[in-house]
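# Coordinate analysis (summary)
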Amino acid sequence: MAQFEFVALMASLMSIVALAIDALLPALDIIGATIGVKEIADNQLLITMIFLGLGIGPLFFGPISDSFGRKPVVYMGFLLFIIASFICIFATSIEMMVIGRILQGIGLSAPRTIAIAMVRDMYSGDYMARIMSFVTVVFLLVPIIAPALGKFILDHYNWQAIFYVQLVFGLLVSLWFWKRQAETLEVSKRIQFTSNILVDGTKELLKHKTTIGYTLISGFIAGSFMVYLSTSQQIFEQQYDLKEEFPYIFGLLAISIGFAIFLNGTLVLKYGMERLVTTSLFLFFVVSLLYIILFYNSPNPNVVILLIFFGIQFFAIGFLFGNLRALAMEPIGHIAGIGAAITGFLSTIMAVPISTYIGKFVINSALPLFIGFLVCSIVSIAILLIYIKVPVKRT
């Protein structure tokens, strides 16, 4: 298969997750009202709970993929996603919706985890980071258009139709995957499936200090970004009264991340992953601190100013996403499936409570979001410089 098609297909496997999250954003308040949500902050559960499933699922799918191959696991995930989507469509309470969203996340964790494992099967080092960057750039086309797509569907049909569109997209991608993608894990490299396969994989992973360190940083960065995902609708539609403009604002900020990831595909070969991660973390820290200094105990700034700060933050995050995952995966290519599962689980299980806790404070101001950014960046820099001990300049 041509490399371009491989990148596009891996991005498509991952992009169903983005569609399941971002297309729902314009409909959160309407869904909440339909299923009887009383506290507006509880609408955030429709976003954060799918991430919980995304964290749990790889623990099951990762080890199986290392034993039986990558492709069967993807089909299993899509089947569970279809069942979970119908649970969401017919949900009549927040509890039923949360169950459906968790199961959606578990199902979608299969194609997302396997896409990363397949990239690691075929590439390594900075070149793997380059391929991951291109995969993520294509993947980010979905967050750019998903909220606008969700709003269009909502305006012309109903919120249940958003889930039906997700199902159609998932079926098309699975058909493409079945017809065009070859198995990437050779039979000779497969690990015998035993009851201890996950325990053994965890023990092997814990031997690699850099894998643990970069996974922890991923958890803090993902947690801080997840707060934005779960509160962005609340910030722009309620605090700024920009209900109609929200899908386009969300897409504009997604472009900022996409541009950084596109640049990363070129810069990573010149400067290396470690240096780009270090620089980006310090930029993330400085911008967060500057916002807090300027607007502490003040009302929200003009929306243009807020967008500038968000844009710079997400530009920094764009250099972090792919590089952190590639750095964590680099030493564990021999257990790529289990490695992708465990690192994904750890970072997500960290991110969900971080996001849920910080999100409770984002009520009348965006300031708590930047305080969360600041704390996460400080801890991440401390892990980088003390635990991993990566120098600013690559040696």
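Description of the structure in this document. These numbers were taken from a predicted model, which means no experiment stands behind them.

Once that is clear, we can look at the overall build of the protein. Helix and strand counts for the protein come out as 15 helices and 0 strands. If one aligns the C-alpha atoms of the protein with their principal axes, the spans along those axes are about 60 × 50 × 35 Å. Considering the protein as a whole, with its 395 residues, one finds that 59% of them fall into the buried category. Roughly 15900 Å² of accessible area belongs to the protein as shown, and the carbon and sulfur atoms make up 69% of that amount. Taken as two groups, the 23 positive and 20 negative side-chain charges of the protein have centres that lie 10 Å from each other.

On to the side chain of S288. Mapped onto the secondary structure, S288 falls in helix α12 (residues 273–295). You can call S288 buried: its relative accessible area is 0%. Polar contacts involving the side chain of S288 include one to the side chain of Q313, which spans 2.6 Å. Not counting residues up to four positions away in its chain, the partners in contact with S288 are Q313, F370, F373 and L374.

Next up on the list: the packing of helix α1 (residues 3–22) against helix α5 (residues 94–122). The N-to-C vectors of α1 and α5 enclose an angle of 160°; their axes lie 9 Å apart at closest approach. If you check the angle between α1 and α5, you find them roughly antiparallel. When you trace α1 past α5, the crossing you get is left-handed. From α1, F6, M10, L13, M14, I16, V17, A20 and I21 reach across to α5, where they touch R101, L108, P111, R112, A115, M118, V119 and M122.

Further remarks concern the nonpolar core. Of all hydrophobic cores here, the largest spans 134 residues; its most connected members are M10, Y228 and F310. With 14 residues, the single largest contributor to this core is helix α13 (residues 303–329). The residues touching M10, leaving out its near neighbours within four places in the chain, are A115, M118, V119, V135, F177 and Q181.

Bringing the packing of helix α10 (residues 209–239) against α12 into the picture now. With their axes 13 Å apart at the nearest point, α10 and α12 run at an angle of 35° to one another. Note on packing geometry: the crossing formed by α10 with α12 is left-handed. Between α10 and α12, the residues in contact are Y214, I217, I221 and S224 and E274, L281 and F284, respectively. When its residues are assigned to classes, the contact of α10 with α12 shows 5 nonpolar, 1 polar and 1 charged.

The next subject is the pattern of salt bridges. Counted according to the given criterion, the structure contains 8 salt bridges. R180 serves as the salt-bridge partner of E5, at 2.9 Å between the closest nitrogen and oxygen. Here E5, found in helix α1, pairs with R180, found in helix α8 (residues 159–180); they are 175 residues apart in sequence, far enough to count as distant. Look at R180 and you get partly exposed, because its relative accessible area is 47%. When the shortest N-O distance is used, the salt bridge between E237 and K243 registers 3.4 Å. You can call K243 partly exposed: its relative accessible area is 37%. Among the charged side chains, a network of salt bridges with common partners joins D29, E237 and K243.

Our next topic: a nonpolar patch on the surface. The grouping of L283, V304, I308 and I312 at the surface amounts to a nonpolar patch, some 310 Å² of accessible area in total. The biggest single contributor to the nonpolar patch is α13, with 3 residues. If you trace the backbone, L283 turns up in helix α12.

Definitions and cut-offs
Residues numbered from 1 in each chain as written. Predicted model: local features only at pLDDT ≥ 70, side-chain atom pairs only at ≥ 80, totals over all residues. Heavy atoms only, no water. Helix = DSSP H or I, 4+ residues; strand = E, 2+ residues; numbered from the N terminus. Buried < 20%, exposed > 50% of the residue type's maximum accessible area, 1.4 Å probe, protein only. Areas by Shrake-Rupley, 256 points an atom, 1.4 Å probe, with all protein chains shown as cover. Lys, Arg positive; Asp, Glu negative; His and termini not counted. Charge placed at Lys NZ, Arg CZ, Asp CG, Glu CD. Polar contact = N/O pair within 3.5 Å; in protein donor to acceptor, adjacent residues only side chain to side chain. Contact = heavy atoms within 4.5 Å. Axes fitted to C-alpha atoms, helices over the stretch in contact; angles between N-to-C directions. Parallel < 35°, antiparallel > 145°, perpendicular 65-115°, else oblique. Left-handed = near helix turned anticlockwise from the far one by under 90°. Core = buried A, V, L, I, M, F, W, Y, C linked by side-chain atoms within 4.5 Å. Nonpolar A, V, L, I, M, F, W, Y, C, P; charged D, E, K, R; others polar. Salt bridge = Lys/Arg side-chain N within 4 Å of Asp/Glu carboxyl O. Patch = residues over 30% accessible without salt bridge, like charges linked within 9 Å, V, L, I, M, F, W, Y side chains within 5 Å.

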